[in-house]
Each structure stands twice: as structure tokens, then as C-alpha cells.
Amino acid sequence: MAENKTNLQENTQNPSRNKLGGVHTTIIGGRAGKRLVKLVSQHPEVKKVIPSVISVKGIAGGSLTGKVLRADVRGNLRLLLSEGRSFQEIRLVTTVGTAEEGDRIMNELNGILRAAL
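Residues numbered from 1 in each chain as written. Predicted model: local features only at pLDDT ≥ 70, side-chain atom pairs only at ≥ 80, totals over all residues. Heavy atoms only, no water.

- Per an unreviewed UniProt entry, the chain is named Metal-binding protein, and its organism is Methanosarcina flavescens.

Here you go:
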């Protein structure tokens, strides 16, 4: 019983941590990358954040950038993080059900990212 109470307290104190799921938990960009993912996950209509593998592109150098990409038919989004030669796609599962509502959330999240970067 005490264990359940502790878990409930942790869940209410760290709501964005509970949204992180999937097999890959590493986020590129160190603290700055984790901060961007935390900002995005705090949106009330983002239900789950699922990081994918980290890939390498051909151009060396560069700072951390983030952009939310177009919604699919169910309103789910993709967050593309890029730092130097590495990039990572992070799936954002939303609570909305249409692409139009997903586009609205995409615009809100891109505004948040622009302000943070």
C-alpha cells in the first residue's frame, strides 16, 4: 500500500516522465534535448512520447534544433530533433482524432519550440 502511494506521488510530481515510452529512452542533445522533449510532453493533448533510434546524417557541426512535423490521419505527430550529425525522430501520440486537430497541436508545439530555442 505504501508503495502504491509513493508511485502515485511520483506520477503527480513528474507527469511528463510518465508520458515517455517505447524501447529507446535516450534523447539526443543532452539536457537541452531532454528539456525540449519535456516542454512538448507538457502539452495537455500529448498523451505519449516515444523516442526512436538515433541516426547519423552527413553534415558535421551544428546546434540542437527541434521541429514538429505534419500530423497523420489520427492526429499523431513526429518531433524531429537534430544536433550536429545526429538526428532522432520522436513520435508524439495525441488525444485528438483527426489530422486537422493534429495540425493545430503541431502549430502550438512549434511555437513553443521556437520560443525555447
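## Looking at the overall build of the chain
- Helices and strands together make up the secondary structure of the chain, namely four helices and four strands.
- Counting from the amino terminus, the chain carries its helices and strands in the arrangement α-α-α-β-β-β-β-α.
- Expressed as a percentage of its 117 residues, the buried residues of the chain come to 33%.
- When the accessible surface of the chain is split by element, carbon and sulfur atoms take 52% of a total near 7300 Å². (Helix = DSSP H or I, 4+ residues; strand = E, 2+ residues; numbered from the N terminus. Buried < 20%, exposed > 50% of the residue type's maximum accessible area, 1.4 Å probe, protein only. Areas by Shrake-Rupley, 256 points an atom, 1.4 Å probe, with all protein chains shown as cover.)

## A short note on helix α4 (residues 99-116)
- Along its 18 residues, α4 runs 25 Å from first to last C-alpha, staying within 8% of the 26 Å computed at 1.5 Å per residue.
- Residues of α4 that are buried make contact with α3 (30-41), β1 (46-56), β2 (65-69), β3 (77-83) and β4 (86-94). (Expected span 1.5 Å × (residues − 1). Contact = heavy atoms within 4.5 Å.)

## Digging into the sheet that holds β1
- If you trace the four strands from one edge of the open sheet to the other, you get β1-β4-β3-β2, paired in antiparallel fashion. Lying at the two open borders of the sheet, with one neighbouring strand each, are β1 and β2. Taken over all neighbouring pairs, the strand axes of this sheet differ in orientation by 20 degrees on average, direction set aside.
- Where β1 meets β4, eight bridges bridge the pair, whose relative direction is antiparallel. Residue P51 lies in a different strand from β4, and its bridge partner there is I90. (Pairing = 2+ DSSP bridges. Axes fitted to C-alpha atoms, helices over the stretch in contact; angles between N-to-C directions.)

## Observations regarding the pairing of β4
- Bridge count between β3 and β4: seven bridges; the pairing is antiparallel. When the bridges of β4 are listed, L77 appears paired with L92.
- Linking two consecutive strands that pair antiparallel, namely β3 and β4, is a turn of two residues; a positive phi of about 60 degrees is found at G84 within it.

## Structural notes on the confidence of the model for the chain
- Summarising the model, the chain shows a mean pLDDT of 83, and 84% of its residues fall at 70 or more.
- Note on residues 1-14: pLDDT under 50 across the span, and one contact to partners over four residues away in sequence or across chains. (pLDDT = per-residue confidence, 0-100.)

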